[in-house]
Amino acid sequence: MSILFNEKTKTFHLYNEEISYIMTVLQNGHLGQLYFGGRIHHKEDFSYLLETSYRPMTAYVFDEDRSFSLEHVRQEYGVYGTTDFRHPAVEVLQQNGSRISDFVYQGYEITDGKPELPGLPATYTEDAKEAQTLTVSLKDPVTGIVLELFYTIFAAGGIIARSARLTNEGEESVQLTRAMSLCLDLPDSDYEWMQFSGAWARERHLKVRRLEQGIQAVDSMRGNSSHEHNPFIVLKRPAADEEQGEVMGFSLVYSGNFLAQAQVDAHDMTRVLLGIHPMGFSWKLEPGASFQTPEAVTVYSAKGLGDMSRTFHSLYRKRLARGYWRDRERPILNNNWEATYFNFTEERLVSIAGRAKECGVELFVLDDGWFGARSDDRAGLGDWEANRDRLPDGITGLAEKIEALGLKFGLWFEPEMVNRDSDLYRAHPDWILQTPDRHPSQGRSQYVLDFSRGEVVDFIYERMAKILREAKVSYIKWDMNRSITECYCAALPADRQGEVFHRYILGVYDLYERLTSEFPHVLFESCASGGGRFDPGLLYYAPQGWASDDSDAVERLKIQYGTSFCYPLCSIGSHVSVAPNHQVFRSTPLHTRANVAYFGTFGYELDLNRLTEEERETVKAQIAFMKRYRRLFQFGDFYRLSSPFEGNVTAWMVVSEDRRKAVLGWYRVLNGVNLPYGRLRLNGLDPDLAYRICMDGGQWDGVYYGDELMKAGLVTSDSASGEVPRGGTSSCDFDSRIYVLKAEE
Ligand code: DGJ
């Protein structure tokens, strides 16, 4: 890895073994983009990549050079209004009403490692040799605003992490009305756009379409990154697939409002923008003040979507997630939510936990309903003290009883919220986000606390920390169950109201930082009505997140498949729940529910007392299996083999780093009869190793070379490929299988 600068041609070349990222100072002093893609040889001069020609009807910068127009030049942080008509990366509203700016190159700095982004989550290095960072400084001569563009290239993987900082070195305050984290201009538009979208209970469904002239975008204006869209998009060449071809993933390390957009212009150039959503955003920059954007991470791969995802997985697992739990296998948990909802007593909880322990569960989690006057979802949020009617010995007493069973104890919070019917709201009605003279909307009968205010965050911190100091709590599920409306902070002046959404998220990060620092051994799982805030920003604090409130195994195939494009398996909260399922009322076999949940953090979302003895024996075997292969599931290399968005069969697998072990999950939604024979081409194996295969925990059977399994494929035909012979085993709807592969010595 290296970052080179050529003084004569004013060209930067960031490269490692996989990628080259090349920029140059343009003739008007702006920073121009020349190339991003697979690694190319270094040269002093790449100016031929900057193509300019006179095009009628377009504006031009220099009278003497009619061919130079920002409209047609690829830029690193484009501005609008000075011949570029595309959506810009930055906009600065000045006191005279002008929004024009002109960021001219000043200088650069190259440092080893990667600086932190104060108050914001970001990828990091542990050793300065892991990455190098280039900072390019530009300045607008009229306002005195200095723009610093940060580029980190990691030694391994096609990764570039970017962010921008704007500092007012002028004499007048300005309003930043747009400050994106990433602007990347690509020379053509021959891409397919992939987004990961949906809604509550069907998060991160993959949607693909061709890029077209015009704008395609996904966004959130809800105050969280949202169920509807994820702050992650992919551009892939149309012929690229899981195993080959050029792809680029763009991921925003942020949990609030965002915009991810690709704009294709009249000459098929593509501008990708990613960052805080400009809608509703403005930030007052007083003289001397700075604004730091969140980080955007780009991964380029010439080896297809699978390689791109594995690069994200490894980066986010090892250099975004932090702390005690980062590299540790995650505890198998039993959460009481779908087992009891609000209807529990201490006795019932202890009995669920006791059964869980018998089956091999390691952590019991008490979900919503343990505090204040919370008998349903209309009251109590904000009153973080145990409800003594339900829990006579408080959280401390319950935690002791759970620990006495030999389990760890976990607890649910929704720190950012308050019910109208709560002591906290009665004491501080002014602590909610609400706009003067306007109706404050409620979502699930709750208001959003104004986390942009330090005193609110301090208060909640003290409440949560008190419980964590007193009781043996090993895990926290941090929920967030509504979007933000009437966003306004009573403590800020009118000209700073555009800052509230971002300040809110900074408050959330601050609370996370303080809690994870004081309680470094507590495992945090993020949640927002399921996967409404499943984003890299929160992974920095909470190494796992509840992927969706939809716990049906068939639905989860799509949700977990879509999630896996960016996020590692150890971050994907996935549990076995009861049949019929509570969201879609579907009855799937117990083995399929576990076979899906293994590819994540794993746990149970039901009362094991209510299963039959035989089912409990199955659960014991499932837990024992997960414990045996947990490191492989959570930290192995993940390969998608067959997509739930394309057919009836889904398949995926994890492979150990040394490629000697693998586990394959195969799922068929609807059964059939007389179907074609089934073959599945595996991936990630060592072609020269012979693997012994065991199906569904049966006998070790059959030995096949890696090349056979990857080229000829694994035969998956079963009774659905013909007629069930008398006495044979029949296949069923929602069927699945797990194959374990072990290399022969
Ligand atoms: C939404 C979460 O996603 C559920 O798992 C559960 O914790 C409920 N909230 C509790 O209110």
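Shown above is the structure to which this text applies.
First, a word on scope: everything that follows refers to the structure included in this document. (Residues numbered from 1 in each chain as written. Predicted model: local features only at pLDDT ≥ 70, side-chain atom pairs only at ≥ 80, totals over all residues. Heavy atoms only, no water.)

Let's shift gears to the overall build of the chain. When its secondary structure is counted, the chain shows 12 helices and 39 strands. Since a compact globule built from 745 residues should have a radius of gyration of about 27 Å, the 27 Å found for the chain is in line with a globular shape. Here the chain, with 745 residues, has 62% of them falling under the buried criterion. Sequence-distant contacts in the chain: of pairs separated by 6 or more residues, those separated by 24 or more amount to 70%. One way to put it: in the chain the 81 positive side-chain charges average out to a point 3 Å from where the 105 negative ones average out. (Helix = DSSP H or I, 4+ residues; strand = E, 2+ residues; numbered from the N terminus. Rg over C-alpha atoms; globule rule 2.2 N^0.38 Å. Buried < 20%, exposed > 50% of the residue type's maximum accessible area, 1.4 Å probe, protein only. Contact = heavy atoms within 4.5 Å. Lys, Arg positive; Asp, Glu negative; His and termini not counted. Charge placed at Lys NZ, Arg CZ, Asp CG, Glu CD.)

Reading across from one edge, β32-β33-β34-β39-β36-β37 is the order of the 6 strands in this open sheet, with antiparallel pairing throughout. Pairing within the sheet leaves two strands with one partner each, and these edge strands are β32 (637-642) and β37 (700-705). Within this sheet the neighbouring strands show an average axis-to-axis angle of 25°, counted without direction. Alignment of β32 against strand β33 (residues 649-655), held across 5 bridges, turns out to be antiparallel. (Pairing = 2+ DSSP bridges. Axes fitted to C-alpha atoms, helices over the stretch in contact; angles between N-to-C directions.)

Below, the discussion takes up helix α1 (residues 304-319). Over its 16 residues, α1 extends 22 Å from the first C-alpha to the last, a length consistent with the 22 Å expected when each residue adds 1.5 Å. With 14 of 16 residues buried, α1 is to be regarded as a mostly interior element. (Expected span 1.5 Å × (residues − 1).)

Among the 13 residues in strand β10 (residues 174-186), 13 count as buried, and that is most of the element. As judged from the 4 bridges shared by strand β5 (residues 90-93) and β10, these two strands associate in the antiparallel manner. Each residue of the ladder has a partner; that of Leu93, found in β10, is Gln175. Pairing of β10 with strand β18 (residues 283-285) involves 3 bridges; the strand directions are antiparallel. Considered in β18, the bridge of Gln175 is made with Lys284. Taken together, the 6 bridges between β10 and strand β17 (residues 270-276) define a ladder with antiparallel strand orientation. Considered in β17, the bridge of Cys183 is made with Leu273.

What follows is about the site of the ligand. Taken together, 13 residues are adjacent to the ligand, and Asp367, Asp368, Lys477, Asp479 and Asp549 come closest. Between a nitrogen atom of the ligand and a side-chain N or O atom of Asp479, the distance comes to 2.7 Å. Asn481 is positioned such that a nitrogen or oxygen atom in its side chain is 3.5 Å from a nitrogen atom of the ligand. Residues that form the shell around the ligand fall into these classes: 4 nonpolar, 3 polar and 6 charged. (Near = heavy atom within 4 Å. Polar contact = N/O pair within 3.5 Å; in protein donor to acceptor, adjacent residues only side chain to side chain. Nonpolar A, V, L, I, M, F, W, Y, C, P; charged D, E, K, R; others polar.)

The N-to-C vectors of helix α3 (residues 346-359) and helix α11 (residues 613-635) enclose an angle of 60°; their axes lie 8 Å apart at closest approach. In this view, α3 runs oblique relative to α11, as classed from their interaxial angle. In this structure, α3 uses Arg355, Glu358 and Cys359 to contact α11, whose residues at the interface are Arg616, Val619, Lys620 and Ile623. (Parallel < 35°, antiparallel > 145°, perpendicular 65-115°, else oblique.)

A separate point is unusual backbone geometry. Looking along the chain, the bond that leaves Ala579 and enters Pro580 is cis, with omega of -5°. The topology assignment puts Pro580 in the loop between β30 (576-577) and α10 (590-597). One non-glycine residue with positive phi stands out, namely Phe585, at about 60°. Residue placement: Phe585 occurs in the loop between β30 and α10. Relative accessible area serves as the criterion here: at 62%, Phe585 is assigned to the exposed category.

In this section: the packing of aromatic side chains. Geometry of an aromatic ring pair is reported as the spacing of the ring centres plus the angle between the planes. All told, the structure shown has 46 aromatic pairs when counted by the stated rule. Relative to Tyr512, the ring of Trp478 has its centre 3.6 Å away and its plane inclined at 10°; by these criteria the two rings are stacked. Of this pair, Trp478 sits in strand β26 (residues 475-478) while Tyr512 is found in helix α7 (residues 500-518), placing the two residues 34 residues apart along the sequence. For the pair shown, Trp478 and Tyr512 are each scored as buried. One residue, Arg556, lies across the ring of Trp546, its end atom 4.7 Å from the ring centre. (Phe/Tyr/Trp six-rings, centres within 6.5 Å; stacked < 30°, edge-to-face > 60°. Lys NZ or Arg CZ within 6 Å of the ring centre and 35° of its normal.)

Formed by 194 residues in total, the largest nonpolar core has its most connected members in Leu366, Trp370, Ile395 and Phe599. For this core, the element with the most residues is α7, which contributes 9 residues. Judged by nonpolar contacts, the second largest core, of 19 residues, contains Leu682, Leu689, Leu714 and Ala743. (Core = buried A, V, L, I, M, F, W, Y, C linked by side-chain atoms within 4.5 Å.)

This next bit is on α11. Helix length check: α11, at 23 residues, gives a terminal C-alpha distance of 33 Å against a target of 33 Å (1.5 Å per residue), a fit within 8%. Maximum bend of α11: about 65°, positioned at Tyr629. Of the positions making up α11, those classed as buried are Arg616, Val619, Gln622, Ile623, Phe625, Met626, Tyr629, Arg630, Leu632, Phe633, Gln634 and Phe635. (Bend = angle between axes of the 7 residues up to and from the residue.)

Another point: the state of the cysteines. Inspection of every chain in the model, using the stated rule, returns 0 disulfides. Just so you know, Cys487 is unpaired, no disulfide at all, and the nearest cysteine sulfur is the one on Cys489, 8.7 Å from it. Assessed through its relative accessible area of 18%, Cys487 is described here as buried. (Disulfide = S-S within 2.5 Å.)

In this section: the environment of Ile160. In this structure, Ile160 sits in strand β9 (residues 159-168). Each C-alpha atom of the pair Ile160 and Tyr300 lies 8.4 Å from the other, and the pair is 140 residues apart in sequence. For Ile160, the contacting residues outside a window of four places in its chain are Leu14, Ile19, Tyr21, Phe36, Tyr151, Thr152, Ile153, Ala296, Val297 and Thr298.

With that settled, consider the pattern of salt bridges. In a structure, side chains of opposite charge can pair up when their charged atoms sit close to one another. In this structure the tally under the stated criterion is 60 salt bridges. With its nearest N and O atoms 3.0 Å apart, the salt bridge here joins Glu358 to Arg355. Taken together, the residues span about one helical turn, with Glu358 and Arg355 both in helix α3 at a distance of 3 residues. Using a relative accessible area of 23% as the deciding quantity, one classes Arg355 as partly exposed. As a salt-bridge pair, Arg616 and Glu613 come within 3.0 Å of each other at their nearest N and O atoms. Taken together, the residues span about one helical turn, with Arg616 and Glu613 both in helix α11 at a distance of 3 residues. The class of Arg616 is buried, set by a relative accessible area of 6%. (Salt bridge = Lys/Arg side-chain N within 4 Å of Asp/Glu carboxyl O.)

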